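Now for the letters of each chain:
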Amino acid sequence: MIIPSHFVINGVPALLYGQDCGRVFLHVHGQFGCKEEASRLVEIICPRGYQVLSVDLPGHGERISRPDCFVPWEAVPELRKLFAYARKRWSRISLYAVSIGAYFSLLAFRNVRIEKSMFVSPILDMDKLIRDRMQLENITREQLREAGEIPISSGEPLSWKYLQYAEENRITEWSSPTAILYAGGDTLTDRQTVNRFMEKFPCSLTVMEDGEHWFHTPEQLGVLENWIKNETEHKDGE
């Protein structure tokens, strides 16, 4: 077991795993996650010559007292500060992000150099996801604008502010070579959205057809671990 060092970056609780080296993976968790979730990644890649830096995003982990602040306009500035910190310490920075953590990362890191990105069940089009939820709940744009926020049966409340943000900040730039692990049973990001993303940006795709958005069963975790191993295996000349 690799024991991390615990510290704070700009007021944000963080963990750093692995021996000092020039390469680091930034670990960005999803909703209901925490910085400690990096341990699965850590056990595989730290022996391969990487460090892993993981933080608690707003409203999660040690910051659970403000669950309402898990929104991109709060998370994205924090991630940009995290990258600025990492750039001073490591020459080669890669990214591992899960679910909505991938969406936040696409917003935060679109204009910086990420050596390699690994996305697990990524949310790639928040604008579409919100509109799909609105259609499912028979909520019109006008109703959402007037109410500001509407509770729904299928997840988090719909927010007019969030929809506006997603529309104004669509993902139009992404240069990092990216590997995606996708589940055929993902109910948040459909296959067409993944395909559209791959048409625009440099990606490889691994699909577990009978998987779910949350990789958690022994079989799913086995697929996840094998994918991490394959994607972080050193090639000749590295």
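Just above sits the structure.
Calculation criteria
- Residues numbered from 1 in each chain as written.
- Predicted model: local features only at pLDDT ≥ 70, side-chain atom pairs only at ≥ 80, totals over all residues.
- Heavy atoms only, no water.
- Helix = DSSP H or I, 4+ residues; strand = E, 2+ residues; numbered from the N terminus.
- Contact = heavy atoms within 4.5 Å.
- Pairing = 2+ DSSP bridges.
- Axes fitted to C-alpha atoms, helices over the stretch in contact; angles between N-to-C directions.
- Phe/Tyr/Trp six-rings, centres within 6.5 Å; stacked < 30°, edge-to-face > 60°.
- Buried < 20%, exposed > 50% of the residue type's maximum accessible area, 1.4 Å probe, protein only.
- Lys NZ or Arg CZ within 6 Å of the ring centre and 35° of its normal.
- Left-handed = near helix turned anticlockwise from the far one by under 90°.
- Nonpolar A, V, L, I, M, F, W, Y, C, P; charged D, E, K, R; others polar.

K.L.:
I'd love a proper account of the environment of Ile-44, names of residues and values included.
P.N.:
Checked against the element boundaries, Ile-44 lands in helix H1 (residues 39–45). A C-alpha to C-alpha distance of 26 Å links Ile-44 and Met-198, two positions 154 residues apart in sequence. With near-sequence residues (within four places) excluded, Ile-44 lies in contact with Glu-225, Ile-228, Lys-229 and Thr-232.

K.L.:
Outline the sheet that holds strand S4 (residues 51–55), listing residues and values.
P.N.:
In space, the eight strands of this open sheet follow the order S1-S2-S4-S3-S5-S6-S9-S10, with mixed pairing throughout. Each end of this open sheet is capped by a strand with a single partner; those strands are strand S1 (5–9) and strand S10 (203–208). The mean inter-strand angle of the sheet, taken between neighbouring strand axes irrespective of direction, is 20°. Across four bridges, strand S2 (residues 12–17) lies against S4 in antiparallel orientation. Note on S4: the bridge partner recorded for Leu-16 is Leu-53. Docked against the sheet, helix H7 (residues 191–200) engages strand S9 (178–183) and S10, running at close to 160° with respect to S10.

K.L.:
So, the packing of aromatic side chains: which residues are in play, and what are the values?
P.N.:
A full pass over the atoms with the stated rule returns nine aromatic pairs. Aromatic side chains Phe-83 and Phe-109 sit 5.7 Å apart centroid to centroid with 45° between the ring planes, which places their arrangement in the tilted category. Of the two residues, Phe-83 sits in helix H2 (residues 72–89) while Phe-109 sits in the loop between helix H3 (100–108) and strand S6 (117–120), which places them 26 residues apart along the sequence. On the basis of relative accessibility, which here comes to 3%, the residue Phe-83 falls in the buried class. A ring pair is formed by Phe-197 and Phe-201, whose centres lie 4.9 Å apart and whose planes are at 55°; its orientation type is tilted. Given the relative accessible area of 5%, Phe-197 is considered buried. Here the aromatic residues Phe-70, Tyr-103 and Phe-104 are joined through ring pairs into a cluster of three or more. The ring of Tyr-50 is capped by Arg-23, whose NZ or CZ atom sits 4.1 Å from the centre of that ring.

K.L.:
Requested: an account of the packing of H2 against H3, with residues and values cited.
P.N.:
A pair of packed helices is characterised by two quantities: the angle between their axes and the separation of those axes. Viewed as axis vectors pointing N to C, H2 and H3 meet at an angle of 65°, and their least axial separation amounts to 9 Å. Along this stretch, H2 crosses H3, giving a crossing that reads as right-handed. Mapping the contact onto sequence places Pro-72, Ala-75, Val-76, Leu-79 and Arg-80 in H2 and Tyr-103, Phe-104, Ser-105, Leu-107 and Ala-108 in H3. In terms of residue class, the contact of H2 with H3 is built from eight nonpolar, one polar and one charged.

K.L.:
Can you lay out the environment of Ser-5 for me, pointing to particular residues and giving the numbers?
P.N.:
On the secondary structure map, Ser-5 appears in strand S1. Each residue touching Ser-5, except ones within four places of it in the same chain, is listed here: Ala-14, Leu-15 and Leu-16.

K.L.:
I'd like to hear about the side chain of Arg-23, residue by residue, with values.
P.N.:
Relative to the elements of secondary structure, Arg-23 occurs in strand S3 (residues 23–28). Owing to a relative accessible area of 10%, Arg-23 belongs among the buried residues under this scheme.

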